[in-house]
Amino acid sequence: MTTIVIGAGLAGLFAARALHDAGEEVIVLEATDHLGGRTRGVRGRLHHDQIADAGASFVDIGQDTLLEFCVRQDLRLTPQVRLLPRDPRGFSTGASALRGRIVSGGRALVDAERWDLADEVQMALEQDPPERVETLLAWSRRVGLSPRARDAYAMQGSLAPQARRELVSSWHVHPGDAAQARWMLADGADSIARAAAGGLNLVFGSPVRWVDKEPVGYTIHTDDDSFSAQYVVVTSSVQATRRIGFDPVLPEWKTEALLTTPMSQGGKIIAQYADADRLVDAAGQGAMTDSPVGRFWFKRGPEDTLIAMGVMTDGGDGMLTQHAAALQVLDRQIEALTGSPPDRIAGLVHDWTTEEFVGGVVSLDTGGFERRAVLAAPVGGLHFAGEATGERTGTMEAAVRSGRRAADEILQKRRRGRSRPRGGGR
Amino acid sequence: MLRTIDDEATIVVGAGLAGLVTAWRLQETGMPVVVLEGSDRIGGRTMTSRDGWVDGQFANYGGELIFPAFHALRAVCEELGVEISPPNVIAEPEPDDLSVVEGMVRAGNFIHQGTLVDRRELIASAARIRAAVEAHPPAPHEIVEQWVRRAGLDGVDRTAFRGVARMLTCQDTWDHDVHYLIGPAMTDIRRISGGTQSLADRLAMDLDVRLGHEVVRIRRGNGAEVETSDGRIFHGARVVVATNPYALSGIGFDPPLEEAKTSTVLSLLPAMGGKVAAQYAEGDAVREALNAIVYTDDEICAAWTCWPDAPSGPAVVIGFLAGVHRHVLADEGEAMRLLDDLVATAVGHPVTRLHGDVHNWWADPRFMSITVNPSEHSRPRIAAVMSGIEHDTHIAGDYTSEQLFGTLEGAVRSGIRAADEILRVPTSFSADDIEERLTTR
């Protein structure tokens, strides 16, 4: 019998891929018309056929499942992007980001200012390190950072996990083991999904509304169709999963985990500019800022064009829905670094908070190991995958690994089933 | 000489309802109390807007509704002489109802796909909802939207069930469980007659409340040293932190706040949104249509008249804009247009707006939510963890009150509980005290 995979994001595609490769029948039901979930590539909005990565951008060092997949599928990466400079001793810490470019109050801080701020933060990190879950704001106030150092330090939360500084725990930025070296997919982040989807049976525009358990297997209901399956892999985001009915109702421990896993609220801004050489000369690898575009970085395109990608945290100011205003904010941050208004030739804003089948950027991983494990645990023949369910929460790598893990759970059940002697004896 | 616990003040952080109740209770017993408030006003999410509204009317931007079970709140109001309005019926339950929703559907008005649903259809809908609850009994921990899907509700029934859930929680129906929709109906609501703010103002009347004192650091253990953003330092025997949860997680506690508390706060799902309010000239018609709560399947999930017993004059209507629709709050013109449309649909003809305003709690970093509504299963644990005393630090606020998250009553009860904790703290004995009073000579 079939396995139904809910969601054609990376977790769903890698689960389906692994099952398909093992000879299983698999159907992937995708609610939207898009492949790739939160690695969506937007086409037709940028010049020169460039793809706008509306969601995830980066492959990091250590994300070996993705890297191996890229090698096998011949997916090319961009030149390395270095968002966090090392400190003078070669380490990466919660102070490293302050050594990179910063735009504060519409002004680019000069090198000496940033290094002073970074030194202040570095000293405080060494003398009185943050506790793991202590928020960026709480730590910076506890150790008495100067207001400017505090603001600069707290800006980091806007990149990962892209949440307001009151909601970001210190472990996200210190000791800063992640993001030392990162790359982007040369042909868009969704090239991973496109490669993974080859040969799979995908049904788009099919939001799963509820799942009925049958005497054997499950019936999966979409708006105007239904599917039978022995196993189901639920790979939708935590919020989207909270919108699917299950009969019988999911056990208390599962809904509890779903209801205590907030997703960061925000979106992505992507703008294309002329004069790439000039912009990169002056603005390097981008900057972190105290504006609604909390951090932006660059990807080069053909004919001296440059794509700037930025992250926007929902601060309640409406900027995620006021696209023209948001793009002007990004222009101004770049101007602060280059000294003159950049020549924007295209741009868009993608708001993940209002996407019915997503509901946010990434899960906030506020419950640590235990919550991830509970989110991942199967309920009968219902298996669960997605970035929220595994280590490295909020990354493409987490999604991919979780999909393979869910597929393995099902394949192990199959093997047990086959090895059971006929007649049901134990 | 015995030192008494009165030697040093108790410092209360936050002049919302919880903090004010704590401070008021302690001061009543003769203890010195200082309340530090970060903003320039008293009340926190107890907030009544009075400026700009004609005829002395007002709009409650925060807590407003008083349910029959709010005994502690009513007792405090009685003691302080704060007047509570007569009841306003919001539900017409019947004896064999299986959920809170049925009674609210019978008494409320519902806008489904832009049209006001007529009363006979609502009576029929209540019966169908009852049948659905009977056929698919919701588990208490079940997420509302998951139950709506499992039970196969559609049409007016789905609008009605979702509408009541959204109104009661200020959240999307996938962000909370169904437990409070099952059980005895709440038949009527009351309000504080002069606006909810008047309770906060009355509580603060004789208190030492310092406005504009944003607390950034609290050094605690062996007393508390509380520092504000402009460097002022207050010493106290102890501190009561009566802010909302997201302000708590941003204070620089030294030693740091217990990890369990921070993790608990960061795991809450906030009700992201705010209120939209407007005053309409056609007062009698608006009161007739909106004294009962109007629920919708649209951006503004519910709206009602803020002062239903006003004898005449214009009417003030309040609505929630929250969850996935919260972005509209940043566009005041659009928010007003939505409320105008809602009121016109409920009244049956266009209405004349005299004044209007939005209040965006989500955008305010001091709050970042209207409220929180944890699942029934997690409430006792959350309340226990959050209210646990550590390093001379007491925590108050509606989110520390087991069954009453997100209510005025929860805030009041948590304030009373924190005050009681402090009143139970025994006198401390110095070595000299012990030698003098207890050792054999």
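In this numbering scheme, every chain counts its residues from 1 along its sequence in written order. Each chain gets a letter, beginning with A, and each ligand a number, beginning with 1, in the order they are written. Since the coordinates come from a predicted model, pLDDT governs what is reported: local features require at least 70, and pairs of side-chain atoms require 80 or more to be given and counted, while whole-chain, interface and lining totals use all residues. Side-chain measures here rest on the full set of heavy atoms in the structure, leaving out hydrogens and waters.

Enquirer: So what exactly am I meant to see when it comes to the overall build of chain B here?
Expert: Helix and strand assignments follow DSSP, with helices taken as H or I runs no shorter than four residues and strands as E runs no shorter than two, numbered in order from the N terminus. Of the regular secondary structure elements, chain B holds 14 helices and 20 strands. For a compact globule of 441 residues, the expected C-alpha radius of gyration is about 22 Å, and chain B comes in at 23 Å, within 12% of that figure. Each principal axis of the C-alpha atoms in chain B carries an extent, and together these give about 85 × 50 × 35 Å. For each residue, the accessible area found with a 1.4 Å probe, counting protein chains only, is set against the maximum for its type, and the residue is called buried under 20%, exposed over 50%, and partly exposed in between. When the 441 residues of chain B are sorted by exposure, 61% land in the buried category. Note that the radius of gyration is over C-alpha atoms, with the globule rule given as 2.2 Å times the number of residues to the power 0.38.

Enquirer: Can you walk me through the overall build of chain A in this structure?
Expert: The number of helices and strands found in chain A is 12 helices and 20 strands. Compactness check: chain A gives a C-alpha radius of gyration of 22 Å against a globular reference of 22 Å for 426 residues, within 12% of the reference. For chain A, the C-alpha atoms occupy an extent of roughly 80 × 50 × 40 Å along the three principal directions. Here chain A holds 426 residues, and the buried ones make up 62% of them. Should any heavy atoms of two residues lie within 4.5 Å, those residues are counted as being in contact. For chain A, the proportion of contacts with a sequence separation of at least 24, taken over those separated by at least 6, is 71%. Areas reported here follow the Shrake-Rupley algorithm with a probe of radius 1.4 Å; residue values treat only the protein chains shown as occluding. Summed over its atoms, the accessible surface of chain A is roughly 16200 Å², and 49% of this surface lies on carbon and sulfur atoms. None of His or the chain ends enter the tally, which takes Lys and Arg as positive and Asp and Glu as negative. We put the charge of a Lys on NZ, of an Arg on CZ, of an Asp on CG and of a Glu on CD. Mean positive and mean negative side-chain charge positions of chain A (49 and 55 charges, respectively) differ by 4 Å.

Enquirer: Explain the environment of D304 of chain A here, please?
Expert: Residues and elements named next belong to chain A. Residue position: D304 is located in the loop between β17 (293–300) and β18 (306–313). Assessed through its relative accessible area of 32%, D304 is described here as partly exposed. Each C-alpha atom of the pair D304 and R278 lies 9.2 Å from the other, and the pair is 26 residues apart in sequence. Not counting residues up to four positions away in its chain, the partners in contact with D304 are Y273, A274, D275, A276 and D277.

Enquirer: Could you clarify how one ought to interpret the interface of chain B and chain A in this entry?
Expert: Accessible area lost when the parts come together is the quantity often used to give the size of an interface. Each partner contributes residues to the interface: chain B has 46 residues there, and chain A has 51 residues. Buried area: the accessible area, evaluated with a 1.4 Å probe, that two parts lose upon being put together, summed over both parts. Between chain B and chain A, roughly 4200 Å² of surface is buried when both sides are summed, and carbon and sulfur atoms account for 56% of that area. Take a side-chain nitrogen of Lys or Arg and a carboxyl oxygen of Asp or Glu: if they are within 4 Å of each other, that pair is a salt bridge. Seen at the junction of chain B and chain A, the total is four salt bridges. Across the pair D247 of chain A and R150 of chain B runs a salt bridge, and its minimum N-O distance is 3.8 Å. We call two N or O atoms a polar contact when they sit within 3.5 Å, provided that within protein one can donate a hydrogen and the other can accept it, with sequence-adjacent residues counted only if both atoms are side-chain atoms. Inspection of the region where chain B meets chain A yields 23 residue pairs in polar contact (both at pLDDT 80 or more). Partitioning the side of chain B that touches chain A into residue classes produces 19 nonpolar, 15 polar and 12 charged. Three classes are used, and their members are as follows: Ala, Val, Leu, Ile, Met, Phe, Trp, Tyr, Cys and Pro are nonpolar, Asp, Glu, Lys and Arg are charged, and the others, Gly among them, are polar.

Enquirer: Help me out: how do you make sense of the side chain of Q162 of chain A in this one?
Expert: Residue and element names in this part refer to chain A. Following the sequence through the fold, Q162 ends up in the loop between α5 (147–155) and β8 (182–184). Here Q162 falls in the buried class, since its relative accessible area comes to 6%. Polar contacts involving the side chain of Q162 include one to the main-chain carbonyl oxygen of G267, which spans 2.7 Å. Those residues in contact with Q162, other than ones at most four positions away along the chain, are G157, S264, Q265, G266, G267, V311, M312, T313 and V361.

Enquirer: Which parts of the structure should I look at to understand helix α12 (residues 379–387) of chain B?
Expert: Three- or four-residue spacings in an α-helix give side chains the same orientation, since the helix completes a turn every 3.6 residues. Residues and elements named next belong to chain B. Within α12, burial applies to R379, I382, A383, M386 and S387. Summarising the axial view, the buried residues of α12 lie within an arc of 110°, below the 170-degree limit, and thus occupy one face. Residues of α12 that are buried sit in contact with α8 (245–248), α9 (259–266), β20 (393–395) and α13 (408–424). What the arc covers is the set of directions going from the helix axis to the C-beta atoms.

Enquirer: Where do I start with the packing of helix α1 (residues 17–28) of chain B against helix α7 (residues 197–204) of chain B in this structure?
Expert: The axes of two packed helices give the description: the angle between them and the distance between them. Residue and element names in this part refer to chain B. Note on geometry: axes are lines fitted to C-alpha atoms, helical ones only across the stretch in contact, with angles between N-to-C directions running from 0 to 180 degrees. Orientation of α1 relative to α7, taken along the N-to-C sense of each, is 30°, at an axis distance of 9 Å. Considered as vectors, α1 and α7 are oriented roughly parallel to each other. As α1 runs across α7, the sense of the crossing is left-handed. Contacts between α1 and α7 pair L17, L20, V21 and W24 from the former with L199, A200, L203 and A204 from the latter. Looking at the contact of α1 with α7 residue by residue, the classes come out as eight nonpolar, no polar and no charged. By the definition adopted for this analysis, an angle is roughly parallel if under 35 degrees, roughly antiparallel if over 145, roughly perpendicular if from 65 to 115, and oblique otherwise. Here a crossing is taken to be left-handed if its near helix is turned anticlockwise relative to the far helix by less than a right angle, and right-handed if that turn runs clockwise.

Enquirer: Any chance you could explain the packing of aromatic side chains here in plain terms?
Expert: Classification of ring pairs rests on two measures: the distance between centres of Phe, Tyr or Trp rings, Trp counted by its six-membered ring, which must be within 6.5 Å, and the angle between planes, read as stacked under 30 degrees, edge-to-face over 60 and tilted in between. Overall, the coordinates contain 10 aromatic pairs over all chains when judged by the stated rule. The interplanar angle of 45° and the centroid separation of 4.8 Å between the aromatic rings of F58 of chain A and W297 of chain A together place this pair among those described as tilted. Remark: W297 of chain A occurs in strand β17 and F58 of chain A occurs in strand β5 (residues 58–60); sequence separation between them is 239 residues. W297 of chain A carries the same exposure label as F58 of chain A, and that label is buried. Residue placement shows R164 of chain A over the ring face of W362 of chain B; its charged tip is 4.7 Å from the ring centre. Whether a charge sits over a ring depends on NZ of Lys or CZ of Arg being within 6 Å of the ring centre and within 35 degrees of the ring normal.

Enquirer: Honestly, the sheet that holds β20 of chain B in this entry has me stumped. Any pointers?
Expert: Sheet strands pair by backbone hydrogen bonding; their relative direction is either parallel or antiparallel. All names here are of chain B. We treat two strands as partners when DSSP finds at least two bridges between them. Pairing is parallel in the open sheet, where five strands are placed in the order β9-β2-β1-β13-β20. Sheet topology places β9 (209–210) and β20 at the edges, where each strand pairs with a single neighbour. Bridge count for strand β13 (residues 238–241) against β20 is three bridges, and the pairing is parallel. Considered in β20, the bridge of V239 is made with T393.

Enquirer: I would appreciate a short explanation of α13 of chain B in the present structure.
Expert: All names here are of chain B. A rise of 1.5 Å per residue sets the reference length of α13, with its 17 residues, at 24 Å; its end C-alpha atoms lie 25 Å apart and thus fit the reference within 8%. Among the 17 residues that make up α13, 12 are buried, leaving the element largely enclosed by the rest of the structure. Within α13 the residues assigned to the buried category are L408, E409, G410, A411, V412, S414, G415, I416, A418, A419, E421 and I422. Its buried side turned inward, α13 meets β1 (10–13), α1, α2 (71–80), β13, α12 and β20. To estimate how far a helix should reach, multiply one less than its number of residues by 1.5 Å.

Enquirer: Mind showing me how you'd approach the side chain of S402 of chain A here?
Expert: Residues and elements named next belong to chain A. One can find S402 in helix α12 (residues 396–419). A polar contact of 2.8 Å, which involves the side chain of S402, links it to the backbone oxygen of A399. Sequence-distant contacts of S402, that is, excluding residues within four places in its chain, are made with A11, A385, G386 and T389.

Enquirer: Mind showing me how you'd approach the pattern of salt bridges here?
Expert: In a structure, side chains of opposite charge can pair up when their charged atoms sit close to one another. What the rule picks out here adds up to 55 salt bridges over all chains. Here D190 of chain A ties to R194 of chain A by a salt bridge, and the two come within 3.1 Å at their closest N and O atoms. Taking relative accessible area as the criterion, D190 of chain A reaches 5% and is therefore assigned buried. Among the residues examined, R194 of chain A registers a relative accessible area of 38% and is labelled partly exposed. Note that R130 of chain B is salt-bridged to E134 of chain B, the shortest N-O span being 3.1 Å. Taken together, the residues span about one helical turn, with R130 of chain B and E134 of chain B both in helix α4 (residues 119–135) at a distance of four residues. Members of the salt-bridge network, linked through shared partners, are R209, D223, R243 and E356 of chain A.

Enquirer: Would you mind showing me how to read a nonpolar patch on the surface here?
Expert: Residues and elements named next belong to chain B. A surface patch of nonpolar side chains, about 290 Å² in accessible area, is lined by F429, I434 and L438. Checked against the element boundaries, I434 lands in helix α14 (residues 431–438). Residue I434 is classed as partly exposed on the basis of its relative accessible area of 35%. Like charges within 9 Å and nonpolar side chains (Val, Leu, Ile, Met, Phe, Trp, Tyr) within 5 Å are joined into patches, using only residues over 30% in relative accessible area that form no salt bridge.

Enquirer: How should I be thinking about empty space enclosed by the protein in this particular structure?
Expert: One simple way to see leftover space: roll a probe sized like a water molecule over the atoms. Put simply, the grid is 1 Å and covers the protein atoms alone, a cavity is a trapped set of points that fit a 1.4 Å probe, a pocket is an open set with protein on both sides within 12 Å along at least five of seven lines, and lining residues have an atom within 4 Å of a point. Grid points are joined across faces, edges and corners, and a volume is the space filled by probe spheres set on the points. Summed over all chains, the structure comprises seven cavities of 30 Å³ or more. Computed from the structure, the largest cavity encloses a volume of approximately 260 Å³. Taken together, 27 residues line the largest cavity, and the ones lying closest to its centre are P262, M263 and Q265 of chain A together with P270 and M272 of chain B. Among the residues forming the lining of the largest cavity, the class breakdown is 14 nonpolar, seven polar and six charged.

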